[in-house]
Amino acid sequence: MLDVRRMQVLRAVVNTGSVTGAATALGYTPSAVSQQIAALEKEARTDLLERVGRGVRPTAAGLLLTGYADTISRQVAEAETALADLLAGRTGRLSVRYFATAGASLVAPAVARLRTEHPGVQIELKLIDPEDPLPDVREGRADLALVVGPAGHEGVRLLHLLDDPYLAVLPEGHRLADAPDLEMSDLAGEPWVGSEWPGPCLDAQLSACEAAGFRPRFVVESEDYVTAQGFVAAGLGVSLIPRLGLGVGVRPGVVVRELRGPEPARSIYAALRETAPPQPALTAFIAAMRAAAEGG
């Protein structure tokens, strides 16, 4: 096999026209250059240089290998540039998993910011079930997933992004509709319209109800924020919907009020693989989501 470093020595000899010139250019001794050329000729099983006066010129084989050495040198330079761009976050590819209500409020502005600041980074977005995106992260199919938690997950690191408070959604004309804000206990005797699948989002609601001393009585299970608003507008009950879930708009026929005592909230995290090496583009994307969460 031909030694690539020796091919670069040959290239220097051919470009300078002499062993001495190559030694000066490379910082070697002439003897070291001659030894490298002799070893390369042994590998090539043919002469690569011939003497002409006080200098040398390449044989046909030497000229051939010099051309390939030029190509290799350019490719190595390109590889170094590409690697530097990747390590600096100027290029790269991110695979992101997200759930619907986080998409518009967190992911969309983060993607827009990243495209402005790091236009060479490609982003693959995939909408998935918020309850179980972690296998994609753990097994390397995704660089990041947005999850509601926290919960212990082996091999996954969670970074807190924001707490998304739940708001009370009431029918217009409800006895509590004119109150500026509500205590959780105010909703104790009301029929409830479900807005969440079983899991950490629903658990956040139930925990707040328990802290207020009651368990909600669900009369409708919608498991969808828009549909839940429709049931509330029809007068079937009250509901809790997270602030991000109301980002698409509040439908006619309902009023929205702040809650306290306690204020229920779901915590949203960015899930990363624990063993993943640092990625500047990923760090920038997380920073952009945090800025979006803070309203910046």
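Residues numbered from 1 in each chain as written. Predicted model: local features only at pLDDT ≥ 70, side-chain atom pairs only at ≥ 80, totals over all residues. Heavy atoms only, no water.

Caption draft 1: Just the overall build of the chain, in detail. Looking only at helices and strands, the chain features nine helices and 12 strands. A compact globule built from 296 residues should have a C-alpha radius of gyration of about 19 Å, whereas the chain, at 33 Å, is more than 25% larger. With the C-alpha coordinates aligned to their principal axes, the bounding extent of the chain is approximately 105 × 35 × 25 Å. A separation threshold of at least 6 residues defines the contact pool for the chain, and within that pool the share at least 24 residues apart is 75%. Carbon and sulfur atoms provide 52% of the accessible area of the chain, an area that totals close to 15400 Å². (Helix = DSSP H or I, 4+ residues; strand = E, 2+ residues; numbered from the N terminus. Rg over C-alpha atoms; globule rule 2.2 N^0.38 Å. Contact = heavy atoms within 4.5 Å. Areas by Shrake-Rupley, 256 points an atom, 1.4 Å probe, with all protein chains shown as cover.)

Caption draft 2: Broad picture of helix α9 (residues 280-293). An ideal rise of 1.5 Å per residue puts 20 Å on 14 residues; α9 measures up with 20 Å between its terminal C-alpha atoms. Taken residue by residue, α9 has Ala281, Leu282, Ala284, Phe285, Ile286, Ala288, Met289 and Ala291 as its buried positions. Where α9 is buried, its residues contact β3 (91-98), α5 (100-117), β4 (120-127), β5 (144-149), β6 (156-171) and β12 (265-273). One or two residues past the end of α9 sits Gly295, with phi positive at roughly 85°. (Expected span 1.5 Å × (residues − 1). Buried < 20%, exposed > 50% of the residue type's maximum accessible area, 1.4 Å probe, protein only.)

Caption draft 3: Examining the confidence of the model for the chain more closely. Looking at the chain, pLDDT values average 91 and 98% of them are 70 or higher. Here helix α6 (residues 134-138) stands out as the least confident element of the chain, with mean pLDDT 87; strand β8 (residues 191-194) is the most confident, with 97. (pLDDT = per-residue confidence, 0-100.)

Caption draft 4: Local environment of the pairing of strand β1 (residues 49-52). Pairing analysis gives four bridges linking β1 to strand β2 (residues 55-58), with the strands arranged antiparallel. Bridge assignment links Leu49 to a residue of β2, and that residue is Pro58. Where β1 folds back on β2, the antiparallel hairpin that results is connected by two residues, among which Gly53 adopts a positive phi of roughly 60°. (Pairing = 2+ DSSP bridges.)

Caption draft 5: Looking closely at unusual backbone geometry. Note the cis peptide between Gly261 and Pro262, where omega equals -10°. Relative to the helices and strands, Pro262 resides in the loop between β11 (254-260) and β12. Even without a glycine there, the phi angle at Arg45 is positive, about 60°. Checked against the element boundaries, Arg45 lands in the loop between α3 (30-44) and β1. Overall, the relative accessible area of 75% leaves Arg45 in the exposed class.

Caption draft 6: The nonpolar core, seen in detail. Leu144, Leu146, Leu187 and Phe285 are the most contacted members of the largest nonpolar core, which totals 47 residues. Top element by residues in this core is α9. It accounts for seven residues. Ignoring anything within four residues of it in the chain, the contact list for Phe285 reads Leu94, Val96, Val107, Ala110, Val111, Leu114, Ile123 and Leu144. Core analysis: the next-biggest nonpolar cluster, separate from the first, contains 16 residues, Leu10, Ala23, Leu49 and Val56 among them. (Core = buried A, V, L, I, M, F, W, Y, C linked by side-chain atoms within 4.5 Å.)

Caption draft 7: Up close: the packing of aromatic side chains. Inspection of every chain in the model, using the stated rule, returns two aromatic pairs. Here the aromatic rings of Trp192 and Phe218 are separated by 6.0 Å at their centres, their planes lie at 80°, and the arrangement is edge-to-face. With Trp192 in strand β8 and Phe218 in strand β9 (residues 217-221), this pair connects stretches of sequence that are 26 residues apart. Note on Trp192: relative accessible area 0%, which makes it buried. You can call Phe218 partly exposed: its relative accessible area is 26%. A network of ring pairs unites the aromatic residues Trp192, Phe214 and Phe218 as a single cluster. (Phe/Tyr/Trp six-rings, centres within 6.5 Å; stacked < 30°, edge-to-face > 60°.)

Caption draft 8: Looking closely at the pattern of salt bridges. In total, this model carries 15 salt bridges according to the counting rule given. The salt bridge involving Arg260 is made with Glu183; its shortest N-O contact spans 2.5 Å. Of this pair, Arg260 sits in strand β11 while Glu183 sits in strand β7 (residues 181-183), and the two are 77 residues apart along the sequence. Owing to a relative accessible area of 39%, Arg260 belongs among the partly exposed residues under this scheme. For Arg243, the salt bridge goes to Glu258, with nearest N and O atoms at 3.3 Å. You can see Arg243 sitting in the loop between β10 (239-242) and β11 and its partner Glu258 sitting in strand β11, a full 15 residues away along the chain. (Salt bridge = Lys/Arg side-chain N within 4 Å of Asp/Glu carboxyl O.)

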